[in-house]
Amino acid sequence: MQGWHGLDDVPEDWGRSVVTIGVFDGVHRGHQQMVARAVNMAANLGLPSVAVTFDPHPDEVVRPGSHPPLLSDTRRRAELLASLGVDAVCVMPFTVEFSRMSPDEFVQTTLVDRLHAAGVVVGENFRFGHKASGDLETLRTLGEKYDFVVEGVPLVSDGEAISSTRIRARLAEGDVEAAATELGRPHRVEGVVVRGHQRGRALGFPTANVESPQHTAIPADGVYAGYLCCTESPSRYEGELWPAAISVGTNPTFENVARTVEAYALDRDDLDLYGMHVGVDFTKRLRDNLKFDSIEALIEQMHADVAEARRLTSG
């Protein structure tokens, strides 16, 4: 797969292609159907397929300070889109100037002049151009003008509408199972492992303290079962996925203030992940965060959490 940052990275000899456009945050099951349609159309036409996404999130540019929690960063989005079979991913820098383009300007500069679109696939609710003035019908009209076909795909799965906004709401409630159903896989929080207070190690449960990027969608405070993996490449841990017990929150027993994501790879005290980029996959919520009267009570509960996480991830 080819990866481009902006239109200047598109090869000069790039021919006609089928393009699908969206923020694609989370690359959820609705997005997956849209991308599958674009890949299928491209195959039928004997052309490559291109997914166009944006960075930063358009909301942050159009309404500064309103940046939604992100289900996936641009690197993860590109990885997920590649797994669906697109031939190229173009990450468009979303700037104030870009947001002020008219629908016709966007289509001409992006779809016609650089990507030479023969077909364009978008969601049925797609909006584009200055002040979101363009919609699916606008795109179809411009397609007739510039000689490309347009298809609108409903972002639904099993008859229900799916949106990144709704998935964020699921995560904010701690309902990681519902989020996983709509994503088509467990929600993943990524980041770099940093040194924390190392209390987990002292208690017999060494955790990876994951520092995630700003605006990451993190599930509600609580304890979860899931998996930990090293996403850094190359790495001696590349390809490994460890069942894990995960804690999200401020650790009320120790009266912490900072909210953290910590993952304990079950029965592994030999991992050296400091400074590495990792992913934490959330599969099931076990309980709320609790304040314990003693360290002994906390350790007893941690053993119970680990046993339940082991049961849930064993098969």
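None of these values were measured; they are calculated from a predicted model.

Sheet faces and side chains relate simply in a regular strand, where the side chains alternate between the two faces. As paired elements, strand S9 (residues 187-194) and strand S14 (residues 277-287) share six bridges and run antiparallel to each other. Bridge pairing in S14 links Glu190 to Gly279. Across eight bridges, the pairing between strand S11 (residues 222-230) and S14 is antiparallel. Bridge pairing links Val223 to Arg287 in S14.

Extensive coverage of strand S2 (residues 17-21) is indicated by the burial of five of its five residues. Side chains Ser17, Val19 and Ile21 project from S2 onto one buried face, and the interleaved Val18 and Thr20 project onto a second face that is buried too. Sheet analysis places S2 next to strand S5 (residues 117-123), joined by four bridges and oriented parallel. Following the sheet pairing, Ser17 is matched in S5 by Ala117. Alignment of S2 against strand S3 (residues 49-55), held across four bridges, turns out to be parallel. By the bridge assignment, Thr20 is partnered in S3 with Ala51. Crossover S2 to S3 through helix H1 (residues 29-45) is right-handed.

Attention shifts here to the environment of Glu240. As for its position among the elements, Glu240 is in the loop between S11 and strand S12 (241-249). Considering only alpha carbons, one finds Glu240 and Cys229, 11 residues apart in sequence, at a separation of 6.0 Å. If we ignore the near neighbours within four places in the chain, the residues touching Glu240 are Leu228, Cys229, Cys230 and Arg268.

This paragraph deals with the packing of aromatic side chains. By the definition in use, this model includes 10 aromatic pairs. With a centroid separation of 6.0 Å and an interplanar angle of 50°, the aromatic rings of Phe54 and Phe98 are classed as tilted. Within this pair, whereas Phe54 is found in strand S3, its partner Phe98 is found in helix H4 (residues 96-99), the two being separated by 44 residues in sequence. By the burial criterion, Phe54 is buried, and Phe98 matches it. An angle of 55° between the planes, with centres 5.9 Å apart, marks the rings of Phe106 and Phe128 as tilted. Here Phe106, found in helix H5 (residues 103-112), pairs with Phe128, found in the loop between S5 and helix H6 (136-146); they are 22 residues apart in sequence, far enough to count as distant. Per residue, the accessibility class of Phe106 equals that of Phe128, and both read buried. Pairwise contacts between aromatic rings join Phe54, Phe94, Phe98, Phe106, Phe126 and Phe128 into one cluster. The ring of Tyr274 has Arg195 lying over it, and the distance from NZ or CZ to the ring centre is 3.8 Å.

Rules used throughout
Residues numbered from 1 in each chain as written. Predicted model: local features only at pLDDT ≥ 70, side-chain atom pairs only at ≥ 80, totals over all residues. Heavy atoms only, no water. Pairing = 2+ DSSP bridges. Helix = DSSP H or I, 4+ residues; strand = E, 2+ residues; numbered from the N terminus. Buried < 20%, exposed > 50% of the residue type's maximum accessible area, 1.4 Å probe, protein only. Right-handed = clockwise from strand over helix to strand, strands pointing away. Contact = heavy atoms within 4.5 Å. Phe/Tyr/Trp six-rings, centres within 6.5 Å; stacked < 30°, edge-to-face > 60°. Lys NZ or Arg CZ within 6 Å of the ring centre and 35° of its normal.

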